[in-house]
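Topology and contacts: notes
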Amino acid sequence: MANASSVEMSTEKIWEGGNKPLGASYGKLMMWFFLLSDALTFSGFLTAYGLMRFKYENTWPIPEDVFTHFPFLEGENPLLFVALMTFILIMSSVTMVLAVNAGENKDNKGVSWWMLATIVGGGIFLGSQAWEWYHFITGDKGAIKLENGRIAHFADQEGHVISLSQLVHGMEKGHASNHGDKFTTEEVIAAFNSQSTMQLRYPGKLREYVNHGEAKALVAKAKVVQGANMVENEYGEPLFANFFFFITGFHGFHVFSGVVINFIIFYNILLGTYVRRGHYEMVEKVGLYWHFVDLVWVFVFTFFYLV
Amino acid sequence: MSDHAPKGTKWIWNIFWLLLIVTTVEVVLGIIQPEFLAKQFLGTRILNHIFIILTLVKAFYIVEYFMHVKYENKPMRFSLYLPVLILIPYLTFILLTEGNYIESMRVMQP
């Protein structure tokens, strides 16, 4: 075997160019180089998230407690909305493969329609992400930040977390989510002190409670936190929101660039550029990028929302 | 480059259904959080191991079929897979070990 191949090597002029050891065109190889480095960048972010999550193992917010909204549905629907976003992105990945497939058959009309579908899918995904960010930033049930910097939620007798709206306006009149209503620290403290069935619950998998008697002293020196920003958030550790903004934001920016690049290719398809060129390799190249964006989301979905 | 890729569009839809079913299984498991999968195994819940395995299955099908890596030649496949498969598990291993260690130090000195 070794003999046969060495004989073959000596007859072939491997040093005079024209050799294609990887069997891929220049443009495709460069796209792959970029995707490899981007994959390592994303893995850097996600493993950094893992590092911090392991560091704050017991107090890290549980995703099912945080992402519970679905448009036009009341109540708690954990995971449903991100599942929908995942579905949209997989769907647009499929339309992209169909575009590449149509390109191989030199079907200009087919490529343009499937590219358009891919762009629309990317747009819907970006819109969903904007909705998700809006609700994350506005906040859900609200919390208080204790003197030592820890976040705590209010819980009723049975231990279910209640919103500031329910605490202040009563369980019947208040909403399960604050819906953007702002509450002052004074009215929250007064409402807590007057209802001896209320307790505090810390975020995290340990489900730690503080009963009303002990909590009174803590609440007296606390301040209300609603929503999320880079400094503090109502869900728990400040780093949780920072990672959320950074990782989903960086991925969202990739989707946005993908939509822009897809649009440029779509425009070129309409102009007939690739009919003149005789091949649709550009569609394959942006296809690689688009599938990569989908691939990254598969991992973000698992490590941010599921695990 | 996809000289050996199958013809037609049926294979695309097959993979679409596979990805959809795997995602649905993940979401359903994530919503009901079955008790018997909450046991600890190798540092985390069995459920989390299932999530990670299902994620890798999805990633495999996206890379192999949607990104056509299955139909690239051997040197190309190795140069794409090896850096990622060596570096990412390595980085994950050292960072998670370190995270665990910092957590244990925090508990000792509050």
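What you are looking at is a predicted structure, and each value in this text was computed from that prediction instead of being measured.

Focus on unusual backbone geometry
All names here are of chain A. Residues other than glycine seldom take positive phi values, yet lysine 106 does so here, at roughly 55 degrees. Among the secondary structure elements, lysine 106 is positioned in the loop between helix 4 (80-104) and helix 5 (108-138). A relative accessible area of 51% means that lysine 106 is categorised as exposed.

Examining the domain arrangement of chain B
All names here are of chain B. Each assigned domain of chain B is listed with its residue range as follows: domain 1 (1-72) and domain 2 (73-110). Spacing between the C-alpha centres of domain 1 and domain 2 amounts to 21 Å. If you look at the interface, domain 1 gives six residues, while domain 2 gives six residues. When domain 1 packs against domain 2, close to 460 Å² is buried across both sides, 56% of that on carbon and sulfur atoms. Per-residue buried area on domain 1 facing domain 2 is highest for Glu64, Val69 and Glu72; these three make up 84% of the total on that side. On the surface where domain 1 and domain 2 come into contact, there are one salt bridge.

Observations regarding the interface of chain A and chain B
Contact residues are listed per partner, giving 52 residues for chain A and 50 residues for chain B. The largest share of the area that chain A buries against chain B comes from Trp32, Phe54 and Lys55 of chain A, three residues that together contribute 13% of it. Connecting chain A to chain B are zero salt bridges. Between chain A and chain B we count six residue pairs in polar contact (both at pLDDT 80 or more) in total. Elements that contribute at least two residues to the side of chain A that touches chain B include exactly helix 2 (26-55), helix 4 and helix 11 (281-306) of chain A. The greatest single-element share of the side of chain A that touches chain B, amounting to 15 residues, is contributed by helix 2 of chain A. Looking at side-chain class alone, the side of chain A that touches chain B contains 32 nonpolar, twelve polar and eight charged residues.

Concerning the domain arrangement of chain A
You'll often see interface size given as the accessible area lost when the parts meet. Residue and element names in this part refer to chain A. Taken domain by domain, chain A holds domain 1 (25-139 + 238-306) and domain 2 (143-225). With centres defined by C-alpha atoms, the gap from domain 1 to domain 2 works out at 37 Å. Of all residues in domain 1, the largest losses of buried area upon contact with domain 2 belong to Asn58, Thr59 and Ile62, amounting jointly to 44% of the total for that side. Summed over the shared surface of domain 1 and domain 2, the result is three salt bridges.

A few points about the packing of aromatic side chains
All names here are of chain A. Applying the stated criterion across every chain, the model contains 42 aromatic pairs over all chains. Between phenylalanine 45 and phenylalanine 246, the aromatic rings sit 4.8 Å apart at their centres with planes inclined by 80 degrees, giving edge-to-face as the arrangement. Here the residue phenylalanine 45 occupies a position in helix 2, and phenylalanine 246 occupies one in helix 9 (residues 238-271), the gap between them amounting to 201 residues. Residue classification places phenylalanine 246 among the partly exposed residues on the basis of a relative accessible area of 43%. Note on tryptophan 60 and phenylalanine 240: the rings are 5.8 Å apart at their centroids and 85 degrees apart in plane angle, and the pair reads as edge-to-face. You can see tryptophan 60 sitting in the loop between helix 2 and helix 3 (63-66) and its partner phenylalanine 240 sitting in helix 9, a full 180 residues away along the chain. According to the relative accessible area criterion, phenylalanine 240 is buried, its value standing at 0%.

Considerations on the confidence of the model for chain B
Residues of chain B with pLDDT of at least 70 account for 93%, and the chain-wide mean is 89. Averaged pLDDT values over the elements of chain B bottom out at 82 in strand 1 (residues 40-41) of chain B and peak at 95 in helix 2 (residues 46-66) of chain B.

Re the pattern of salt bridges
All names here are of chain A. As enumerated under the stated definition, the model contains ten salt bridges over all chains in all. Note that glutamate 232 and lysine 223 form a salt bridge whose closest N and O atoms lie 3.1 Å from each other. Where glutamate 281 meets lysine 285, a salt bridge forms, and the shortest distance between an N and an O atom there is 3.5 Å. Placement of the pair is glutamate 281 and lysine 285 together in helix 11, with a separation of four residues, close to one helical turn. Both residues of the pair, glutamate 281 and lysine 285, count as buried. Bridged by salt links that share partners, the residues Asp65, Arg201 and Arg207 form one connected network.

Some remarks on the nonpolar core
One finds Met115 and Phe136 of chain A to be the most contacted residues of the largest nonpolar core, which totals 90 residues. Every element with two or more residues in this core is listed here: helix 2, helix 4, helix 5, helix 9 and helix 11 of chain A together with helix 1 (10-32), helix 2 and helix 3 (74-108) of chain B. The biggest single contributor to this core is helix 11 of chain A, with 16 residues. Setting aside its immediate chain neighbours within four residues, methionine 115 of chain A contacts Met96, Ala99, Asn262, Ile265, Phe266, Ile269, Val283 and Val286 of chain A. Core analysis: the next-biggest nonpolar cluster, separate from the first, contains 20 residues, Ile144, Phe183, Leu200 and Ala215 of chain A among them.

Considerations on the side chain of aspartate 294 of chain A
By secondary structure assignment, the location of aspartate 294 of chain A is in helix 11. Buried within the structure, aspartate 294 of chain A lacks any salt-bridge partner; its nearest side chain of opposite charge belongs to lysine 58 of chain B, at an N-O separation of 7.5 Å. Aspartate 294 of chain A has contacts with Leu89, Ile90 and Ser93 of chain A together with Ile62 of chain B, leaving out every residue within four places of it along the chain.

Reading the values: rules and limits
The written sequence of each chain sets the order in which its residues are numbered from 1. Numbering of ligands from 1 and lettering of chains from A proceed in the order in which they are written. Residues qualify for local features only when their pLDDT is at least 70, as the model is predicted, and side-chain atom pairs are given and counted only at 80 or more; totals for whole chains, interfaces and linings, by contrast, use all residues. Side-chain numbers come from the whole structure's heavy atoms, not from hydrogens or water. Only DSSP runs of H or I covering at least 4 residues are called helices, and only runs of E covering at least 2 are called strands; the numbering of each starts at the N terminus. Relative accessibility thresholds used throughout: buried, under 20% of the residue-type maximum; exposed, over 50%; partly exposed, between the two (1.4 Å probe, protein chains only). Those domain boundaries reflect an automatic or database domain assignment. A contact between two residues is defined here by any heavy atoms of the two lying within 4.5 Å. In this description, buried area is defined as the sum, over both parts, of the accessible area (probe of 1.4 Å) that is lost when the two are combined. In the sections that follow, a salt bridge refers to a side-chain nitrogen of Lys or Arg positioned within 4 Å of a carboxyl oxygen of Asp or Glu. Counted as a polar contact is a pair of N or O atoms within 3.5 Å, where, for protein atoms, one must be capable of donating a hydrogen and the other of accepting one, and residues adjacent in sequence contribute only when both atoms are in side chains. Nonpolar residues are Ala, Val, Leu, Ile, Met, Phe, Trp, Tyr, Cys and Pro. Charged residues are Asp, Glu, Lys and Arg, and all others, Gly as well, are polar. Aromatic rings from Phe, Tyr and Trp, with only the six-membered ring used for Trp, were paired whenever their centres fell within 6.5 Å, and each pair was classed as stacked if the ring planes differed by under 30 degrees, edge-to-face if by over 60, and tilted otherwise. Summary of the metric used: pLDDT quantifies the predictor's per-residue confidence within the range 0 to 100. Nine residue types can take part in a nonpolar core, namely buried Ala, Val, Leu, Ile, Met, Phe, Trp, Tyr and Cys, and a core is a set of them joined through side-chain atoms within 4.5 Å. Here Asp and Glu are counted as negative and Lys and Arg as positive; His is not counted, and neither are the chain ends.

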